[in-house]
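In case you want the letters, here they are:
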Amino acid sequence: MIPDRFEYEVAESVEQAIDLLGSSDGTKLLAGGHSLLPLMRLRVARPSLLVDVGRLRELSYVREDGDRLAIGALTRHHDLANDSLLRERCGIVAHTASLIGDPQVRHRGTVGGSIAHGDPASDMPAVLLALEAELVVRGPDGERTVAAEDFFHGVFETALGPQDVLSEIRVPALTGGWSYLKFRRRSQDWATVGVAAVRADGAARVALTNMGPTPLRATAVEQALAGGADAAAAAEHAGEGTTPPTDTQGSADFRRHLGTVLVRRALDETMA
Ligand code: FAD
């Protein structure tokens, strides 16, 4: 379908983007456009004004920041997948970016767009939960930092306000193992279920994609591991506290089964 009518402005800076977002009701940021434009074509989204931040190259970077890495929100998936610093110090983010969509999606889509969109089937949010990442948000009242676990509120709902711009993602440099596994019917599909696992501070952290309206920490699995369970026994707890959807990709029961299988494999990879 053809989108409804909308106005279009290119922002030259984050500050200008924040001002433009406040200039009328129904404004929306446009980054890579690979989630927003399909929704506009379906007329599920009908913004009155699109504020294009896709050309703000100042928000496209991966930098060392003490014992963490700082990632600009407008960094494209392709650039994350191929960034040598990220591959060396926090390989799970680069690896996960390489699994998103197809080459066209990875060349246009941005990490910030993936997170801000709040789609429970997106891959990166679960990885950020497992990493206990921090998200830097700039808005009319200045800058604030939101923990990944407080960011995702529901399907397409996040901690972002109408004039907020997600500007940076901060992840720890990893010294332990990690894994991100996604089950999908075709190679470029979204995850039917995904599992992120990292070993940090002497413990395993596990998070799930598409097992509820937001990405979820698999706390029952983590507690079982902390209590001495092996990967197979801990993985049996993968479905606890989840509310997976039933859709054309699979039933809720099938997703719970996948969760158990993928958590066990991800833990095996992480501990290896
Ligand atoms: P846009 O579409 O431009 O924006 C998405 C939303 O986020 C909008 O509401 C926008 O206002 C808001 N937004 C964007 N940037 C910011 C910001 N910096 N601050 C605040 N709000 C912001 N994703 C996966 O995770 N896994 C997949 O397997 C996958 N497969 C795909 C296959 C196809 C065919 C397509 C079209 C998309 C797929 N995607 C997948 C989604 C893709 O990763 C998108 O790039 C991503 O979800 C959105 O990023 P974007 O830069 O395109 O955002």
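Residues numbered from 1 in each chain as written. Predicted model: local features only at pLDDT ≥ 70, side-chain atom pairs only at ≥ 80, totals over all residues. Heavy atoms only, no water.

Draft legend 1. Spatial organisation of the site of the ligand. In the vicinity of the ligand there are 28 residues, among which L29, S35, L36, T110 and D123 approach most closely. At a separation of 3.1 Å, an oxygen atom of the ligand approaches a polar side-chain atom of K182. With respect to the ligand, the backbone of D189 contributes an N or O atom lying 3.4 Å from an oxygen atom. Coverage of the ligand by the protein amounts to 90% of the 980 Å² it exposes when considered alone. Put simply, the parts of the chain that give the shell around the ligand at least two residues each are β2 (27–30), α7 (111–117) and β10 (165–172). By residue number, the principal contributor to the shell around the ligand is α7, which donates four residues. Here the shell around the ligand is composed, by residue class, of 11 nonpolar, 12 polar and five charged. (Near = heavy atom within 4 Å. Polar contact = N/O pair within 3.5 Å; in protein donor to acceptor, adjacent residues only side chain to side chain. Areas by Shrake-Rupley, 256 points an atom, 1.4 Å probe, with all protein chains shown as cover. Helix = DSSP H or I, 4+ residues; strand = E, 2+ residues; numbered from the N terminus. Nonpolar A, V, L, I, M, F, W, Y, C, P; charged D, E, K, R; others polar.)

Draft legend 2. Highlighting helix α10 (residues 219–226). When α10 is considered as a whole, its buried residues turn out to be A220, V221, E222, A224 and L225. Residues of α10 that are buried in the fold lie against β13 (203–209), β14 (216–217), α11 (231–235) and α12 (252–271). Positive phi appears at G228, one or two residues downstream of α10, with a value of about 105°. (Buried < 20%, exposed > 50% of the residue type's maximum accessible area, 1.4 Å probe, protein only. Contact = heavy atoms within 4.5 Å.)

Draft legend 3. Structural context of the packing of aromatic side chains. Within the structure shown, the criterion is met by two aromatic pairs. Centroid distance F151 to F152: 5.1 Å. Interplanar angle 80°. Geometry classified as edge-to-face. Exposure class is identical for F151 and F152. Each is buried. Here F183 and F254 contribute two aromatic rings whose centre-to-centre distance is 6.0 Å and whose plane-to-plane angle is 85°, an arrangement assigned as edge-to-face. With a gap of 71 residues between them, F183 in strand β11 (residues 178–183) and F254 in helix α12 connect regions that are remote in the sequence. What makes F183 partly exposed here is its relative accessible area of 29%. In this structure, R63 is placed above the aromatic ring of Y61, and the distance from its NZ or CZ to the ring centre is 3.7 Å. (Phe/Tyr/Trp six-rings, centres within 6.5 Å; stacked < 30°, edge-to-face > 60°. Lys NZ or Arg CZ within 6 Å of the ring centre and 35° of its normal.)

Without other data, these values stay purely geometric and don't point to any function.
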